[in-house]
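Single-letter residue listing:
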Amino acid sequence: MNEMLTSGELLATLTAIAHPLRLRIISELAGGRVHVSELARRLDMSRPLLYMHLDRLEKAGLVTGQLELSDDGKAMKYFELVPFEVRVTADVVIRALDGDDADGNGAQALETEESDK
């Protein structure tokens, strides 16, 4: 995951995992893909709150969701963990900043998103 991240991508990844509930989601998904309702039950969390956290993890590329139809025609959303490794060193930070454009626009989108909350 750290190969050639921009600073915005690095910040999105770090922000995504920097929450206790999202760490619990990652832990649950490490055992394999899970239907959203089942994941919500396991974590004792409402589905709207779970979807909010899953959205953050998905935008960071750490989980992926897939909509499937059950035998009775119900739409079922499953999520699974995308294999990843996060290793932050000074070199990773420097390479991420080097990947930004001349105006430093690698992190700007994330900063804007965070300030909107």
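As a reminder, the structure under discussion sits directly above these lines.
Here the structure is a predicted model, which is why all the values come from computation and not from measurement. (Residues numbered from 1 in each chain as written. Predicted model: local features only at pLDDT ≥ 70, side-chain atom pairs only at ≥ 80, totals over all residues. Heavy atoms only, no water.)

**Details of the environment of Val36**
- Structurally, Val36 is set in helix H3 (residues 36–43).
- The spatial distance from the C-alpha of Val36 to the C-alpha of Phe79 is 7.0 Å, given a sequence separation of 43 residues.
- When near neighbours in sequence (up to four residues on either side) are disregarded, Val36 contacts Arg47, Leu50, Tyr51, Leu54, Lys77 and Phe79. (Helix = DSSP H or I, 4+ residues; strand = E, 2+ residues; numbered from the N terminus. Contact = heavy atoms within 4.5 Å.)

**Details of the nonpolar core**
- By size, the foremost hydrophobic cluster in this structure holds 18 residues, and its most contacted members are Ile25, Leu29, Leu39, Leu50, Leu54 and Leu57.
- Per-element accounting of this core gives the leading share, four residues, to H3.
- Apart from residues no more than four positions distant in its own chain, Leu39 is found in contact with Ile25, Glu28, Leu29, Val34, Leu50 and Leu54. (Core = buried A, V, L, I, M, F, W, Y, C linked by side-chain atoms within 4.5 Å. Buried < 20%, exposed > 50% of the residue type's maximum accessible area, 1.4 Å probe, protein only.)

**Notes on the environment of Ile94**
- The topology assignment puts Ile94 in helix H5 (residues 90–98).
- For the pair formed by Ile94 and Ser7, sequence separation is 87 residues and the distance between their alpha carbons is 8.7 Å.

**A few points about the pattern of salt bridges**
- Counted according to the given criterion, the structure contains five salt bridges.
- Here Arg42 makes a salt bridge to Glu28, at a shortest N to O gap of 3.2 Å. A residue pair is termed long-range when its members are at least 10 positions apart, and Arg42 in helix H3 and Glu28 in helix H2 (residues 20–29) qualify at 14 residues.
- Classification of Arg42 by relative accessible area gives partly exposed; the value is 41%.
- Between Glu38 and Arg42 there is a salt bridge, with the nearest N and O atoms lying 3.0 Å from each other. On the criterion of helical spacing, the pair formed by Glu38 and Arg42 is a turn pair, its members being four residues apart in helix H3.
- What makes Glu38 partly exposed here is its relative accessible area of 28%. (Salt bridge = Lys/Arg side-chain N within 4 Å of Asp/Glu carboxyl O.)

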